[in-house]
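Summary of the model geometry
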Amino acid sequence: VWQDILDSAITLYYFLIAWASMFLALGYAGEVAEAERVTARFARAAHDAELRSLRYQVNPHFLFNTLNSLSSLVIKGQPERAEEMIQNLSTFYRTSLASDPLADVSLAQEVELQKQYLAIEAVRFPERLKVIYNIDPVLEDVPVPALILQPLVENAIKHGVAQSTKKVVLAITAERMDDRMLISVSDDAVDSAPNFPSVSEGSGGGIG
């Protein structure tokens, strides 16, 4: 009898140990899962904040250049061109600031925004800038990140058109390649290539 009681006690003991271990393991797993969810939320929030920061840094940089150009037009006594630039600037900001910086837009909307931006730059460089668009109509409704083209177009203006002494053709192209979409921004300002600054770690000061 005592042997049976001892065996039962030992069996019950190990059963309780196993059950307690499983309970603790499940509780720990739940805490780990919750910690992972919290970490993921914080990571997502940090990522969203970074995207918003980048989005909001693009516009002031562009505004600074545009205001300098407006000042130059006023000093040169060209009020009509200055008024045209102000109207284009107003349209660009009305469209740009009305959208959610984290939301996707259609390719057609993104290209239209760049048309507004380039209309402003065309006032700055009326004799030097020519823009062509080659957008596959099938791709116009494809979603893309908002302002995905803006840094590329700005660089084409800054390092291509602004430094060139000849007419520059800037091309924005979107084409389908199998199940992917290839978007490119290019210019033919070859005479500015020797002046293109070299890039090294810690240089530039941009937000690329």
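For every chain, the first residue of the written sequence is number 1, and numbering continues from 1 onward in sequence order. The predicted nature of this model means local features are confined to residues of pLDDT at least 70 and side-chain atom pairs, given and counted, to a pLDDT of 80 or more, with totals for whole chains, interfaces and linings taken over all residues. Calculated side-chain values reflect all of the structure's heavy atoms, with hydrogen atoms and water omitted.

Here the focus is the overall build of the chain. In terms of regular secondary structure, the chain is built from four helices and five strands. A run of H or I in DSSP becomes a helix once it reaches four residues, and a run of E becomes a strand once it reaches two; helices and strands are each numbered from the N terminus. Its helices and strands taken in sequence order, the chain reads α-α-β-α-β-β-α-β-β from the N to the C terminus. Buried residues are those whose accessible area, probed at 1.4 Å on protein chains only, stays under 20% of the maximum for their type, while exposed residues exceed 50% and partly exposed ones sit between those limits. Residue burial in the chain is summarised as follows: out of 208 residues, 26% are buried. A fraction of 75% describes how many contacts in the chain between residues 6 or more apart in sequence connect residues 24 or more apart. Accessible area of the chain: about 14,000 Å², with a carbon and sulfur share of 60%. Contact definition: two residues touch when any of their heavy atoms are within 4.5 Å. The Shrake-Rupley method, run with a 1.4 Å probe sphere, supplies the accessible areas, and residue values consider only the shown protein chains as cover.

This next bit is on the packing of helix α3 (residues 107-124) against helix α4 (residues 150-161). Look at α3 against α4: their axes get within 11 Å of each other, and the N-to-C directions meet at 20°. Taken together, the axis directions place α3 and α4 in an arrangement best described as roughly parallel. As for the relative orientation of α3 and α4, their crossing is right-handed in sense. Side by side, α3 and α4 meet where Glu110, Gln114, Tyr117, Leu118, Glu121 and Arg124 of the first sit next to Gln150, Val153, Glu154 and Ile157 of the second. Each residue is assigned to one class: nonpolar for Ala, Val, Leu, Ile, Met, Phe, Trp, Tyr, Cys and Pro, charged for Asp, Glu, Lys and Arg, and polar for all the others, Gly among them. Of the residues in the contact of α3 with α4, the class split is four nonpolar, two polar and four charged. Interaxial angles span 0 to 180 degrees and are taken between N-to-C directions of axes, which are lines fitted to C-alpha atoms, for helices over the stretch in contact. The cut-offs work like this: below 35 degrees is roughly parallel, past 145 is roughly antiparallel, 65 to 115 is roughly perpendicular, and the gaps in between are oblique. A crossing counts as left-handed when the near helix is turned anticlockwise from the far one by less than a right angle, and as right-handed when that turn is clockwise.

Across the chain, the average pLDDT comes to 80, with 82% of residues at 70 or higher. Values of pLDDT, the confidence the predictor places in each residue, fall between 0 and 100. In the predicted structure, residues 198-202 sits below a pLDDT of 50 and forms one contact with residues beyond four places in sequence or in another chain.

Glancing now at the pattern of salt bridges. When a carboxyl oxygen of Asp or Glu lies within 4 Å of a side-chain nitrogen of Lys or Arg, that pair is called a salt bridge. Per the counting criterion, the structure on display carries one salt bridge. Put simply, glutamate 121 and arginine 124 hold a salt bridge, and the shortest N to O gap is 2.7 Å. Here glutamate 121 pairs with arginine 124, and both are found in helix α3, just three residues apart, close to one helical turn. The exposure class assigned to glutamate 121 is buried, which follows from its relative accessible area of 2%.

Let us look at the packing of aromatic side chains. Stacked, tilted and edge-to-face are the three classes assigned to paired rings of Phe, Tyr and Trp, where Trp is represented by its six-membered ring and a pair needs centres within 6.5 Å; plane angles under 30 degrees give stacked, over 60 edge-to-face, the rest tilted. Within the structure shown, the criterion is met by zero aromatic pairs. A cation over a ring is seen here: lysine 115 above tyrosine 133, with NZ or CZ 5.0 Å from the ring centre. The criterion is that NZ of a Lys, or CZ of an Arg, lies within 6 Å of the ring centre and within 35 degrees of the ring normal, and then a charge sits over that ring.

Candidates for patches are residues over 30% relative accessible area with no salt bridge; among them, like charges are joined within 9 Å and nonpolar side chains (Val, Leu, Ile, Met, Phe, Trp, Tyr) within 5 Å. Together, Leu12, Phe15, Leu16, Trp19, Met22, Phe23, Leu24 and Leu26 make up a nonpolar patch on the protein surface, roughly 920 Å² of accessible area in all. Note on placement: tryptophan 19 falls in helix α1 (residues 2-75).

Where strand β2 (residues 129-135) lies against strand β4 (residues 168-177), seven bridges are found, and the strand directions are parallel. The partner of lysine 130 across the bridge, within β4, is valine 169. Pairing between strands is defined by DSSP: at least two bridges between them are needed. Summarising the sheet, β4 and strand β5 (residues 180-187) pair through eight bridges and their orientation is antiparallel. Residue alanine 171 lies in a different strand from β5, and its bridge partner there is serine 186. A loop of two residues connects β4 with β5, the two strands running antiparallel in sequence, and aspartate 178 in this loop sits at a positive phi of about 55°.

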